[in-house]
Every structure is written in C-alpha cells, then in structure tokens.
Amino acid sequence: MENSNTSALYERIRADHALTQELFRQALQDPSGTLDRICDLGSTWGLPVSREAVKLYLASIDDPDTKQWLLKARGGL
C-alpha cells in the first residue's frame, strides 16, 4: 500500500511544475525538511508515506530528471 501511495504521490507532485520547482529549491537548502514536506503532502492528499518509502522510491526511479534532482539534493535524501 505504501509503495502505491509513494508512486501516486510522486506523480501528483511531478504534475505540478510550480510545486516541483519549490521542492527542488527547498531540497538544495534543506533536504531533510523536504522529505518531511513530501510526507506531509502525502498525508494531506490521503497518500500517507514514510520518509524511508520516499527515499526507496526515488532511488528506484529510472528517470533522468529525477536522477539529476537527487544528485543535486542528495545531502539529506
């Protein structure tokens, strides 16, 4: 269940360009806080996820844009 929530949450965030950019900027300054925010968004949208589930999901994605995002923000992710 959590994996499907993580996938759905990722797609919802990715569909919102402004939110994606906002999270990217936050991740450059506060990667750990970004994970908290992603988990909070999941709870708000009825897609609860854990920090660990988000980390595992992002590590498993084979998407060049996501990989670049993770490289830049990898400090806390």
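Described in the following lines is the structure provided in the data block. (Residues numbered from 1 in each chain as written. Predicted model: local features only at pLDDT ≥ 70, side-chain atom pairs only at ≥ 80, totals over all residues. Heavy atoms only, no water.)

**Side note on the overall build of the chain**
A count of helices and strands for the chain gives 5 helices and 0 strands. When the helices and strands of the chain are placed in sequence order, the string is α-α-α-α-α. Burial status across the chain gives 38% buried among its 77 residues. Once local pairs closer than 6 in sequence are excluded, the contacts in the chain between residues at least 24 apart make up 55%. As presented, the chain carries roughly 4,700 Å² of accessible surface, and 52% of it is formed by carbon and sulfur atoms. (Helix = DSSP H or I, 4+ residues; strand = E, 2+ residues; numbered from the N terminus. Buried < 20%, exposed > 50% of the residue type's maximum accessible area, 1.4 Å probe, protein only. Contact = heavy atoms within 4.5 Å. Areas by Shrake-Rupley, 256 points an atom, 1.4 Å probe, with all protein chains shown as cover.)

**Considerations on the side chain of Asn 5**
By the element assignment, Asn 5 lies in helix H1 (residues 2-15). With relative accessibility at 8%, the residue Asn 5 sits in the buried group. Discounting chain neighbours no more than four positions away, the residues touching Asn 5 are Leu 47, Pro 48 and Val 49.

**Topic: the pattern of salt bridges**
Between side chains of opposite charge, a pair can form when the charged atoms approach closely. One pass over the full model with this rule turns up 2 salt bridges. A salt bridge links Glu 22 to Arg 37, with the shortest nitrogen-to-oxygen separation between them at 2.8 Å. Taken together, the residues Glu 22 in helix H2 (residues 17-29) and Arg 37 in helix H3 (residues 31-44) connect sequence positions 15 residues apart. Glu 22 gets classed as partly exposed once you look at its relative accessible area, which sits at 36%. (Salt bridge = Lys/Arg side-chain N within 4 Å of Asp/Glu carboxyl O.)

**Quick word on H3**
Spacing of three or four residues puts side chains on the same side of an α-helix, whose turn is 3.6 residues. When the terminal C-alpha atoms of H3 are compared, their 20 Å separation across 14 residues agrees well with the 20 Å that a helix rising 1.5 Å per residue should span. Within H3, burial applies to Pro 31, Gly 33, Thr 34, Leu 35, Ile 38, Cys 39, Leu 41 and Gly 42. Immediately downstream of H3, the backbone of Gly 46 shows phi near 75°, a positive value. (Expected span 1.5 Å × (residues − 1).)

**Some points on the environment of Ser 60**
Looking at where Ser 60 falls in the secondary structure, it is placed in helix H4 (residues 51-60). The class of Ser 60 is exposed, set by a relative accessible area of 53%. Within polar-contact distance, the side chain of Ser 60 engages the backbone oxygen of Tyr 57 at 2.8 Å. (Polar contact = N/O pair within 3.5 Å; in protein donor to acceptor, adjacent residues only side chain to side chain.)

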